[in-house]
Amino acid sequence: ELALKSLGNEGLFLFSSLDTNNDLYLSPEEFKPIAEKLTGVAPISEFEEEETPDPGGETLSVVAKFQPLVMETMTKSKDGFLGISHVALSGLRNWTAPAVPMSTLLARQFKAFLPPKDKLDLGDPWWIIPSELNIFTGYLPNNRFYPPPPKGKEIIIHRLLSMFHPRPFVKTRFAPQGAVACIQAISTFYYTIAFRIHAEFQLNEPPDFPFWFSPGQFTGHIILSKDSSHVREFKLFVPNNRSLNVDMEWLYGASESSNMEVDIGYLPQMELESTGPSVPSVIHDENGNVIDSRDPSGEPIQFVFEEITWQREIPWEEAARKLEVAMYPFKKVSYLPFTQAFERAKAEKKLVHSILLWGALDDQSCKPLSVSLPMPGSGRTLRETVLESSPILALLNESFISSWSLVKELEELQSNRKNEFHSKLADLHLEKYSFPVEMIICLPNGTVVHHINANHFLDITSMKPEDVESNIFSFSTNFEDPSTATYLQFLKEGLHRAKPYLQ
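Residues numbered from 1 in each chain as written. Predicted model: local features only at pLDDT ≥ 70, side-chain atom pairs only at ≥ 80, totals over all residues. Heavy atoms only, no water.

Per an unreviewed UniProt entry, the protein chain goes by Selenoprotein N and derives from Buceros rhinoceros silvestris.

Here you go:
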């Protein structure tokens, strides 16, 4: 109360956004972002303090490619962003190009991507940056503007993401955080490492309120020598193969409990790519003498690199799936694209278990729609609880073909009359849909035999067993977790209702 009286609402909001350890005291480290902002002088970064360039080491040139978010893909655009202040979206509207179009990095900085000694099998994932959050630990605060200083293996990822925007948060507010990787290919001297990173950006600064920009994921690969002295190839990008791939959240007040606005949109391009292999920063002749990097005519010396012969490798799709399952255990069950799921269900004479929602179920563009707790019914709540539980995984694998779909994509499929069957499948789904998430069980022909809205499902699981009137969602005594028991009952009821049709 005294702080509020002394600083006012906005002053207290700014103070608390800087007070990362909540001790009501700003240490020099916590005050650093404001000092840099006021003076315009940034000290040598922690990375530069820790890493001393090796005079004989190699350097890698990386370029950033960025196309801004398509504003028309945001839900709020449908009513002309009615009621949304121009200031709230200023950081988003002004972000039209990468902060650093090209950067030169030391090859040895990429040693953070090398596997630990116990993870040398193809497709065996490890955490570069471990996830420290889950559904039970809560979330990191929303009222922050400046990322904490990166440490250890976070440093190279922070440096790379800073090419897009000056305020990347290597650790997201929501689980699963971090970065995971696996070996995709092995040769005598090289690895191809596939990786997946969950990170987000803060687009606003004081006096504006925070605006969080969370791409669904960053993925990519790096080909580097086993001693990290040479990088043959590097690429990092946000997948753009779905119609929506970025979550956005912004606050409307000077406290953590202020109202939050949420939207989702499409980002056409956000990628980093090396311009070629890393090259020596200093060139020596056979006697160890430093020689000019240009030939007598003034042209840069051209380097010739040996071709890499891979001894063992797995397809990119397999490596990406290993990383996905590491981030999201519920993906131990395959979730097929919408129309493929019905084709597979028909061939295997199974039911389709389908989840229909606004944001992607298997990346960070699906978030809780509330500041402090997941909104009842959010896809994130489902994927971190019932969908990854062992009994549900077992039944889904045995009796169902699973799929998840974006509402927007099914609306497009519904209006596409070139394939009447696919259009009808989408139509039958959308008939049953209610915001925010609908779980649907249907026959291979699209007929819905059972469905439940996620809000209703979570309402039921929060009730005492004796208060549940419907025997359709009665609790099983075999499982302590009411959510798992209720979802299991939902699936079994779907199987029961479909029996006459499948015989």
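1. Some thoughts on the pairing of strand β13 (residues 269-274)
To keep things clear, this is the line we draw: Exposed residues in this analysis have more than 50% of their type's maximum accessible area, buried residues have under 20%, and partly exposed residues fall in between, with area computed by a 1.4 Å probe over protein chains only. Secondary structure elements follow DSSP: runs of H or I no shorter than four residues count as helices, runs of E no shorter than two count as strands, and numbering proceeds from the N terminus. When DSSP finds two or more bridges between two strands, those strands count as paired.
For β13, a buried count of five out of six residues is recorded, marking the element as mostly surrounded by other parts of the structure. Bridge analysis of strand β1 (residues 58-67) against β13 gives six bridges, and the strand direction is antiparallel. Bridged to Val62 within β13 is Ser274. Sheet topology places strand β10 (residues 231-237) next to β13; three bridges connect them, and they run antiparallel.

2. Side note on the nonpolar core
We apply this condition: In this text, buried Ala, Val, Leu, Ile, Met, Phe, Trp, Tyr and Cys residues form a nonpolar core when linked through side-chain atoms within 4.5 Å. Contacts between residues were defined by any pair of non-hydrogen atoms, one from each residue, lying within 4.5 Å.
Within the largest apolar cluster, 55 residues are counted, with the highest numbers of intra-cluster contacts made by Phe110, Ile157, Phe164, Phe213, Phe218 and Phe234. Here Phe110 is in contact with Leu60, Leu105, Ile156, Leu160, Ile222, Leu224, Val231 and Phe234, once residues within four sequence places are set aside. Residues Ala194, Leu361, Leu382 and Val449 belong to the second largest nonpolar core, which totals 43 residues.

3. With respect to the sheet that holds strand β19 (residues 351-357)
Where we set the bar: To get an axis, a line is fitted to the C-alpha atoms, and for a helix only the part in contact is used. The angle between two axes follows their N-to-C directions and goes from 0 to 180 degrees.
The mixed open sheet is built from five strands, whose spatial order is β18-β20-β19-β21-β22. Only two strands of the sheet have a single neighbouring strand rather than two, namely β18 (335-336) and β22 (448-453). Alignment of β19 against strand β21 (residues 437-442), held across six bridges, turns out to be antiparallel. Directly across from Leu356, in β21, lies its bridge partner Glu438. Relative to β21, helix α11 (residues 420-432) is tilted by about 130 degrees, and along the sheet it contacts β19, β21 and β22. Along the sheet, helix α13 (residues 482-502) makes contact with β19, β20 (400-406), β21 and β22, crossing β22 at roughly 165 degrees.

4. Considering the packing of helix α7 (residues 338-348) against α11
Going by this rule: Working rule for angles: under 35 degrees goes down as roughly parallel, over 145 as roughly antiparallel, 65 to 115 as roughly perpendicular, anything else as oblique. Polar here means any residue outside two lists: the nonpolar Ala, Val, Leu, Ile, Met, Phe, Trp, Tyr, Cys and Pro, and the charged Asp, Glu, Lys and Arg; Gly therefore counts as polar.
For the pair α7 and α11, the least separation of the axes is 11 Å and the interaxial angle reads 100 degrees. Relative to α11, α7 is oriented roughly perpendicular. Contacts from Phe338, Thr339, Phe342 and Glu343 of α7 reach α11 at His422, Leu425, Ala426 and His429. Its residues placed into classes, the contact of α7 with α11 shows four nonpolar, three polar and one charged.

5. So, the layout of surface pockets
As a reminder of what qualifies: Detection works on a 1 Å grid of protein atoms alone, calling trapped sets that fit a 1.4 Å probe cavities and calling open sets with protein on both sides within 12 Å along at least five of seven lines pockets, with lining residues defined by an atom within 4 Å of a point. Grid points are joined across faces, edges and corners, and a volume is the space filled by probe spheres set on the points. Domain borders in the structure are assigned automatically or taken from a domain database.
What the second largest pocket holds in volume is close to 860 Å³. Lining the second largest pocket are 31 residues, with Gln217, Asn241, Arg242, Glu324 and Asp362 sitting closest to its centre. Elements supplying a minimum of two residues to the lining of the second largest pocket: α6 (316-327), β18, α7, β20 and α10 (407-415). Of the residues contributing to the lining of the second largest pocket, the split by class is 14 nonpolar, seven polar and 10 charged. Mapped onto the domain boundaries, the lining of the second largest pocket takes at least three residues apiece from domain 2 (58-323) and domain 3 (328-501).

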